[in-house]
Structure formats: structure tokens, C-alpha cells
Amino acid sequence: MKRNWKSSVITYSVAASLLASMSASVSPAYAASNAKSSSVETSSVKKVNLFKRVSSNSQTVGIANKLLNNELYVNSNWAPYKFNGKLTWKENPYKDDTWSFYFQSLDMVGYLTTAYEQTHSQKYLEKAQWYIESWMNANPSPQKQASRFAWRDHSTANRVVNMAQFLDQYKGSSIYNKSLENKVLKMLEKHGDFLMDDKNYSFGSNHGIFQDRSLIELALLFPNMSHSQQWYKKGMDRLLVHVEEDVTKSGVHKEHSPAYHLLVLNLFKNINGFIKQFNVKEPRLTGGISKMEDYLAYLGDPSGQLPNLGDSEPYDLYSLSPKALTSDKLLYVVTKGKQGKKPDKDIVYTDGGTAVFKNDWNKETPLYLLFTSAFHSTTHKHADDLSFLLSYGKTNFFVDSGKYNYSYTDPYREYVKSSLAHNTVTVDKKSFPITKDQVNKSKINTCEISKAYSYVTGSHELYKGVKVKRTLIHLKSTNSIIVRDVMESNKNHTYTDTFNIGKDVDVKKSAARVFTLTSKLDKKQIELIQLTKMSTIKNYKGSSSPIAGWQSLEFNKKLPITQLQFTNNNQKNADYKFIINTDTKNGIKNYTVKSTPTHDIYTIVLKNGKRTNVQVKK
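Given the structure is predicted, the values throughout are model-derived calculations rather than measurements.

### Description of the overall build of the protein chain
Within the protein chain, the regular secondary structure consists of 15 helices and 28 strands. A compact globule built from 618 residues would reach a C-alpha radius of gyration of about 25 Å, and the protein chain, at 27 Å, matches this within 12%. When each of the 618 residues of the protein chain is scored for burial, the buried share is 56%. For the protein chain, the accessible surface area stands at approximately 26,000 Å², while carbon and sulfur atoms represent 47% of it. Taken together, the 85 basic and 56 acidic charged side chains of the protein chain have centroids lying 2 Å from each other.

### Examining the pattern of salt bridges
Inspection of the entire model under this criterion finds 27 salt bridges. For Asp107, the salt bridge identified is with Arg53, shortest N-O distance 2.8 Å. You can see Asp107 sitting in helix 5 (residues 107–119) and its partner Arg53 sitting in the loop between helix 2 (28–36) and helix 3 (60–68), a full 54 residues away along the chain. Note that Asp97 and Arg148 form a salt bridge whose closest N and O atoms lie 3.7 Å from each other.

### A word on helix 8 (residues 178–196)
Under the 1.5 Å per step criterion, the end-to-end length of helix 8 is 27 Å for 19 residues, consistent within 8% with the ideal 27 Å. What helix 8 keeps buried is the set Leu180, Glu181, Val184, Leu185, Met187, Leu188, Glu189, His191, Gly192, Phe194 and Leu195. Taken together, the buried residues of helix 8 touch helix 6 (122–138), helix 7 (153–170), helix 9 (206–221) and helix 10 (228–245). One side-chain oxygen of the residue at the start of helix 8 lies 2.9 Å from the amide nitrogen of Ser179, identifying that residue as Asn177.

### Concerning helix 10
With 18 residues, helix 10 extends 26 Å from end C-alpha to end C-alpha; this agrees with the ideal 26 Å at 1.5 Å per step. Within the span of helix 10, buried status applies to Ser228, Trp231, Tyr232, Gly235, Met236, Arg238, Leu239, Leu240, His242 and Val243.

### Observations regarding the nonpolar core
One finds Leu72, Tyr131, Phe268 and Ile275 to be the most contacted residues of the largest nonpolar core, which totals 105 residues. Here the element with the most residues in this core is helix 11 (residues 258–276); it accounts for 9 residues. Among all residues touching Ile275, those that are not within four sequence positions of it are Ile216, Leu220, Tyr232, Met236, Val280, Glu282 and Leu285. By size, the runner-up hydrophobic cluster in this structure holds 42 residues, among which are Val466, Val483, Phe499 and Ile501.

### So, the packing of aromatic side chains
The way to describe two aromatic rings as a pair is by their centre distance and the angle between their planes. A complete count under the given rule lists 31 aromatic pairs for this structure. Between Tyr591 and Tyr602 the ring centres are 5.8 Å apart and the planes differ by 35°, which places this aromatic pair in the tilted class. Note that Tyr591 is positioned in strand 26 (residues 588–595) and Tyr602 in strand 27 (residues 599–606), a separation of 11 residues in sequence. An aromatic cluster is present here, built from Phe388, Phe398, Phe499, Phe515, Phe566 and Phe578 joined pairwise through their rings. The lysine or arginine in question, Arg238, covers the ring of Tyr201, its NZ or CZ lying 3.6 Å from the ring centre.

### Considerations on the sheet that holds strand 27
Strands belonging to one sheet form pairs held by backbone hydrogen bonds; the direction of such a pair is parallel or antiparallel. Read across the open sheet, the 3 strands follow the order 26-27-28; overall the sheet is antiparallel. In this open sheet, the two strands that pair with only one neighbour each are strand 26 and strand 28 (611–617). Going across the sheet, the axis of each strand differs from the next one's by a mean of 20°, ignoring polarity. Inspection of the sheet shows strand 26 paired to strand 27 by 7 bridges, in the antiparallel sense. Residue pairing in the sheet places Ser595 in a bridge with Asp600 of strand 27.

### Some words on the environment of Leu325
Note on placement: Leu325 falls in the loop between strand 4 (315–316) and helix 14 (328–334). Excluding its chain neighbours within four sequence positions, the residues that come into contact with Leu325 are Lys269, Glu293, Leu330, Leu331 and Val334.

### Considering the environment of Lys538
Residue placement: Lys538 occurs in strand 19 (residues 536–541). Judged by its relative accessible area of 39%, Lys538 is partly exposed. The sequence separation of Lys538 and Ile347 amounts to 191 residues, and the corresponding C-alpha distance is 34 Å. Residues contacting Lys538, with those up to four places away along its chain left out, are Gln563, Leu564 and Gln565.

### Digging into the sheet that holds strand 16 (residues 505–511)
Across the sheet, 8 strands lie side by side as 11-12-13-14-25-18-17-16; this open sheet has antiparallel pairing. Each edge of the open sheet carries a strand with a single partner, namely strand 11 (442–449) and strand 16. Between one strand and the next, the sheet's axes are offset by a mean angle of 15°, whatever the strand orientation.

Reading guide: rules and limits
Residues numbered from 1 in each chain as written. Predicted model: local features only at pLDDT ≥ 70, side-chain atom pairs only at ≥ 80, totals over all residues. Heavy atoms only, no water. Helix = DSSP H or I, 4+ residues; strand = E, 2+ residues; numbered from the N terminus. Rg over C-alpha atoms; globule rule 2.2 N^0.38 Å. Buried < 20%, exposed > 50% of the residue type's maximum accessible area, 1.4 Å probe, protein only. Areas by Shrake-Rupley, 256 points an atom, 1.4 Å probe, with all protein chains shown as cover. Lys, Arg positive; Asp, Glu negative; His and termini not counted. Charge placed at Lys NZ, Arg CZ, Asp CG, Glu CD. Salt bridge = Lys/Arg side-chain N within 4 Å of Asp/Glu carboxyl O. Expected span 1.5 Å × (residues − 1). Contact = heavy atoms within 4.5 Å. Polar contact = N/O pair within 3.5 Å; in protein donor to acceptor, adjacent residues only side chain to side chain. Core = buried A, V, L, I, M, F, W, Y, C linked by side-chain atoms within 4.5 Å. Phe/Tyr/Trp six-rings, centres within 6.5 Å; stacked < 30°, edge-to-face > 60°. Lys NZ or Arg CZ within 6 Å of the ring centre and 35° of its normal. Pairing = 2+ DSSP bridges. Axes fitted to C-alpha atoms, helices over the stretch in contact; angles between N-to-C directions.

Below, the structure is given as C-alpha cells:
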């Protein structure tokens, strides 16, 4: 029996009927919001704005032309792969799992359909149809697939978006054929059933959100499909679990990477915007969006870039559209102070494991210090607990590694995830394991923000039998940073403090235990002072044996940077003390620490002879 499926151009009356029929089986908030809607249009047909994998820009047609010429382009990270006009769908020319993921997502269809939208040239739609038919012939079901990447959680979800976009344009085109439409719709129904099955679902990962997005899209676009009601309920119920469990109460996404915080935020916003087209409201979805935007406002460095933390690449916050923002603080950042509300200089997200200290938002020489200590999950997690980033003026002086790629057999991928690629403590020259049993073994302990100083302390027990605690103090009168690490164990260990220094910085040992860091951008100098005597100090830059001194700012690309390693051997307990002065003539000369049952009292001696005390709560 043939089902009377609808195309993606639907009336509000059809959507309203679907929602009314679902009201008995969906969540109470959903049913209530639908019942309150009294202005549903019943006579006019309105085009629905669909999700899209590919943005429309000046490069789209050029990419589509390559695809017409059998140059297989899936993403800018790889050169196009030339094929002979036929595909087996087993291809993996770069032997890269991520390439296969984009390939099986049918992002080629997204580029071609978007080019058709720009030019109305049917050759692009014809080629998109060819890719879809070729893929369907080779991968008719999860039980019969050409590649293990074909029917996977993320690729299946993304394929729905590309195929729905194609159908939306195909329906009104001159090459439209009812038989093909029905074949694609039947395949989309298989996709919906696959995505609904919890056995195929990615719990605790942003991949699951993509799956929910596609289920919700299928349910609302094709309400007459046999399982559309179940798809919507399943998709929204699981999505709300992500909203409530994947983000802390303060608005920090738990995948440890600013890039993924932004990705998930945009997913929530886009899904929320999509369902609103059907007069659906979900308060639990909208409630956390503003807090997540606030977090981005604080994360941005003085140049407006998101930090290269965890599995992130630099992203320019200024590229965000002010009209799409709900946070006044992020609006201030994106408009460079022309609109919105100026955020505080310092903030500590205790539940998110992040602290950000700044000297001011409008200083000529801005200081930006970020500290991280959290182990929420293994997803996109690096061994970066207790690490920090520091920029001053125009220069990133202390940096993290970036993601490089997702090829887990690549030794450089293993390196960029390791503790040595971050500004933190390594025990016995090995990175700690990133496993589920490590969750919640890292945290921010105490903090204080005052006019004279701000501090944060964090600790972890991610190495078996070892407790590591770090204190960072920003002394505001001199823009100096205190870095102190305390390690405790019942056995002897080798403890190493690593400092990774940005690509635009020259490093020189200028005195005993003093390293001068000079910016290549504006010639500003800061100094790293080593107060603790070390048995060995090593300097690496772009080393392949051992792998050390590398940073990645672009996917699959790495560049050499300077890395300093300070090490002592055969110690049960250790106390490592460093100073970072942003002014080499002024700042901190030395400090001592006296411990009480409730506080560590830091007596700080400045270069001009003055003394000041900071009490750090334990």
C-alpha cells in the first residue's frame, strides 16, 4: 500500500493537525504550548525554512562545478578526489574516518542543491539526484551497506538534512519525477526509524542532538509518515535530556571545547527556530540559550576569538549576527561595545570548570587569562585539567594545542590531547587516561574576585595515587600572575610543569631561572620566572622525537612552537612556584606561602620592594 506522503512545503493546517494528534503522547509542556496557539493559518501555504548543512556563499557554485566534473569535494580540509564517474561508496582515498563521515553524509548533495538555489540551473539538481540514487543503490538499508560509515548515528542524521533540502527544491523543478520522490521518501522513512532506535543513538554526545534534530525535522515536514508522531516525541524527549544534562546550570556545555559549546548552542537555537514555524514552543529548550551566550561573551579573547581549547579551532565571535543574540553581554562583545551590556572583567564558572580574568575590556594592552579544570565526560576531552591560556596585548603568549584531527591512531593526535601539549602538570612523563571512570575527578575548588586581585584554585586526582592542586593569582596592580602547583603522593614520582608558548613569541633565557618572551607582533615582553629549583629544564620546538612543541590552528595542520618543560625526579610531594610578569621592569620578584588550616597566605614581594598579602582559601 502506497502512503500519501507530503513534500516539505506544507500548510499550517496540516502541521496543526499533526500537533493536535500528538498532544496526547508528547510532553506536557509541548501539549500546553500547542493548546495555547490560537492564530494557526489554515488557508495559506507558507514555505518552511529547512535545516542546511551547507551555507550559501561565493564559493558554493565553484564547489558544485567540481562535483559536476566528478571531483569529489566533501570539505575544505581535503583536496577533491577525482573519480571515473562511478562510486562504490566504499571509497576512502585519504584513509580518514572523518572524510568518510562527510562522504556518507552526502554533503555533496548539499553543495549541489545550494548551487541550484543560487543559479536555478538544473544541472546541479540533476547531479544531486545522481548522488542520492547512487548512494541508495549501494546502501539500501542498515543491514546492507557498502561502508560501515553509511548507516552511522551522525552520517545518517546529516543525510536527512541534505536529502530534505534536495526534495524541497526537486518538488518544484522541471526534472521532477513522482517515482523518484517516492523512492527518496521511503528512504527517509528508513532514516527516521533508524534514528529513533535507541540502539543507534549517541547518548551523552552532540551526535545525539543531530539525530534528534533530524527526527524532529522529518516528523514536522512529513506528518503522514507512519511513525512521525513517535519520531517527534522521541526526538524532543531525548533533546531535552541534552539540554538539561549536557549543560551546567550556569550555561557551560560539558564537552570541554568552546567550539562545541558554540556548535551545540547553535543547534538548540536552530531547532527552536524550526519548531516555532509550526507554532510549537518548548520553554525548556529556550531557557538555557541566554546563559550559554553569556559564557561565550566571557570566553572571547581580546581579539574576539574563541580560545583554542580542547577540540577547538579559533573562531571569530565578531562574525556572529547581533540580531540573532539573546544575551546583552555577548551583544556587547560582538558589536565591540556599541550595543548590549558590558560584562564583568572576571568570572569563575565553578560548575563548568572555567575561570576567566581580564584587566579591562577597553585597555590598549588587554590581558586575558583562562583557567580550566573539569572532567565532565570523555567527549572531546583533552588532558588539559589545571591548564591555562594567557594573552597580553596582541599576542597569545601561553597557548594550548588545538585538535589537529580526529584520527585516533595518529601519534600527533595523541600528542595534542596529552597533558604535555597543555600548560599543566604531567606525572611520570605520561598523560593521564581519558576514561569514564575519571569523570568528576577534576574541579575548581575556591576562588575570589576583588579589586586588588583575583584567584582560582583547582585540583584533580587523575593520576592514580597523586593529588595535584594548582593556584593562579592575578595581581591587578602589576598585571602579574602567580602559578603554584602542589603535588602529593605516598610514592615517588617525576613531576613536570609544561609551558607551551605561542607561535608569535621568541623565547630567550635572560638570567638564571628567568625566561624572557618577546612578541613578534608588537615587541612587548613578558617574563617567566622559575622560583623552584629543577633537576632538568628542556626546550623543544617542532620535535618529532619525542613529539613535542606543536600547535594546530587548522584541521590536519600543525606548526612548531616553543615548549619549556621543568622537571624534578623521585619526589613524593612537590611544590612548584612560578611568576609571570607582563612588565619585565616591574611586577613580582618573589613570594612565599604560609599555610593555615583554612588558608594559604601568600606574601608577595614586588620588584620595587613593596609587599602585599593574598589569602587563598583552601
